[in-house]
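# Architecture and fold: a report
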Amino acid sequence: MSKTQVICFANNKGGSGKSTTCANLGYELSSLGKKVLMVDGDMQLNLSLSFFDEETVLAMAESEKNLYYAVRGKKDLKDYIVNTPYENLDLIPSSILMSQVEYELFTMMQREFVLKKCLSSIKEEGKYDYILIDAPPTLGTWVINILCASDKVIVPVEASPWGLFGLANLFEFLGNMSEMTEAEVMGVLITKVDERKNYYRQTLEILDSYESINVFKTYIHVDSSIEWAQDASKPVSVFKKSTRSSKEFAELAKEVKKNGSR
Ligand SMILES: Nc1ncnc2c1ncn2[C@@H]1O[C@H](COP(=O)(O)OP(=O)(O)OP(=O)(O)O)[C@@H](O)[C@H]1O
Ligand SMILES: [Mg+2]
């Protein structure tokens, strides 16, 4: 069995914290000495923007060395890896053209497994401890590709009145995927917790009532440093080590590491 664990971040609810979690968990795992490859699976390019400035991200998006061309040509993603400024942390950049990926996949054989195939040699090689894939807020064939390429799914849920809306459908969707993928839900991560508001308690109570769902012990509180860090294209721990969310992402990395240990 490959030692590389593939984890994706999925929730069709937009703005739930998928890209933020993918970027910061990636950084924290790498600073624990783990070798991490992140895959920007979204045309919004938010994961790439978490590490590189706009000009660099757009240049990567306009080149042919990005996820869109790899998937379209069913290429080995090993040739599309970019080093981030941080040790042990690499990225496969995305493209605005990912908006067309559903259309490209439509005519392909085994269309649900194209990403899995593109990642197979990196996974078999076992050089990375983790591959983290940021998914867009949709549930189409492309996200099915992401799920089919994954061993585990982390579902970030915003602690807000609408954060839980649709979550039952998402879990039903993930349940229906079990014939195609062995990907299991590692856990729900509650994000943007604001203790001045009551929603997060409701969110917790409701999630606790779903007995079969693991909820991470770590929550991510609302923290304006996250947005400042993103503006500076840096992980929050690099931007401001003392800030609350920096410690929370470090704790989350420990939980994920423990969960994934074999
Ligand atoms: N803990 C937090 N505190 C404050 N702001 C946050 C926090 N987490 C995320 N944000 C902000 O919320 C917005 C949405 O976060 P993010 O982009 O990570 O969500 P997403 O699920 O990836 O969104 P999409 O579905 O559009 O891909 C971003 O502007 C981000 O800066
Ligand atoms: Mg995102």
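Structure: above.
Parameters at a glance
Here the residue index of a chain counts from 1 through its sequence in written order. Chains carry letters from A onward and ligands carry numbers from 1 onward, assigned in written order. Two thresholds apply to this predicted model, a pLDDT of at least 70 for residue-level local features and 80 or more for giving and counting side-chain atom pairs, whereas whole-chain, interface and lining totals are computed over all residues. Comment: elements are numbered from the N terminus, with helices defined as DSSP H or I runs of at least four residues and strands as E runs of at least two. Values of the radius of gyration come from C-alpha atoms, whereas the globule rule sets the reference at 2.2 Å times the count of residues to the power 0.38. Field definition: a residue is buried when 20 or more other C-beta atoms are found within 10 Å of its C-beta, exposed when 12 or fewer are, and partly exposed for counts in between, with C-beta atoms placed from the backbone. For every residue pair, C-beta atoms are placed from the backbone, and the pair is scored as a contact if these atoms sit within 7 Å. For each residue, a C-beta position is placed from the backbone atoms; the residue is near a molecule or strand when that point lies within 6 Å of it. By the convention adopted, Pro, Cys, Tyr, Trp, Phe, Met, Ile, Leu, Val and Ala count as nonpolar, Lys, Arg, Asp and Glu as charged, and the other residues, Gly among them, as polar. Pairing between strands is defined by DSSP: at least two bridges between the two strands are required. Throughout this description, the term nonpolar core refers to a group of buried Ala, Val, Leu, Ile, Met, Phe, Trp, Tyr and Cys residues whose C-beta atoms join them within 7 Å. Note on geometry: axes are lines fitted to C-alpha atoms, helical ones only across the stretch in contact, with angles between N-to-C directions running from 0 to 180 degrees.

### A word on the overall build of the chain
Secondary structure assignment for the chain yields twelve helices and seven strands. The C-alpha radius of gyration computed for the chain amounts to 17 Å, which stays within 12% of the reference 18 Å derived for 262 residues, consistent with globular compactness. A principal-axis box enclosing the C-alpha atoms of the chain has dimensions of 50 × 40 × 35 Å. Split into buried and exposed, the 262 residues of the chain put 46% on the buried side. In the chain, the share of contacts with a sequence separation of at least 24, taken over all contacts with a separation of at least 6, comes to 78%.

### Looking at the site of ligand 1
Within the structure, ligand 1 sits among 21 residues, and G14, K18, S19, T20 and P137 are positioned closest to it. Taken together, the elements giving at least two residues each to the shell around ligand 1 come down to helix 1 (18–31) and helix 10 (224–231). A per-class count over the shell around ligand 1 returns five nonpolar, eleven polar and five charged.

### Considering unusual backbone geometry
At K74, a residue that is not glycine, the phi angle is positive and equals roughly 50°. In this fold, K74 is placed in the loop between helix 4 (67–72) and strand 3 (82–83). The residue K192 is not glycine, and still its phi comes out positive at about 55°.

### Comments concerning the environment of S237
As for its placement among the helices and strands, S237 is situated in helix 11 (residues 236–239). Taking the C-alpha atoms as reference points, S237 and K247, separated by ten residues in sequence, lie 7.8 Å from one another.

### Notes on the pairing of strand 4 (residues 89–92)
Side chains L89 and L91 of strand 4 all project onto a buried face; the interleaved residues D90 and I92 project onto the opposite face, where all are buried too. Strand direction decides the pairing type here: strand 2 (residues 36–40) and strand 4, joined by four bridges, are parallel. Bridge pairing in strand 4 links L37 to D90. Here strand 3 pairs with strand 4 via two bridges, running antiparallel. Across the sheet, the residue bridging to N83 is D90, located in strand 4. Following strand 3, the chain reverses through five residues before pairing antiparallel with strand 4; N88 in that reversal takes a positive phi of roughly 65°.

### Some remarks on the nonpolar core
Judged by nonpolar contacts, the single largest core of 68 residues is most densely connected at C8, A10, I131, L132, I133, I146 and L189. With near-sequence residues (within four places) excluded, A10 lies in contact with A135, V143, I146, L147, V153 and V155. L45, L49, M60 and A61 belong to the second-largest nonpolar core, a separate cluster that totals five residues.

### A word on the sheet that holds strand 5 (residues 130–134)
Spatially, seven strands are ordered 3-4-2-5-1-6-7 in an open sheet, and the strand pairing comes out mixed. Each of the sheet's edge strands pairs with one partner strand only, and the pair in question is strand 3 and strand 7 (184–191). Relative to strand 5, helix 1 is tilted by about 165°, and along the sheet it contacts strand 1 (5–9), strand 2, strand 4, strand 5, strand 6 (152–158) and strand 7.

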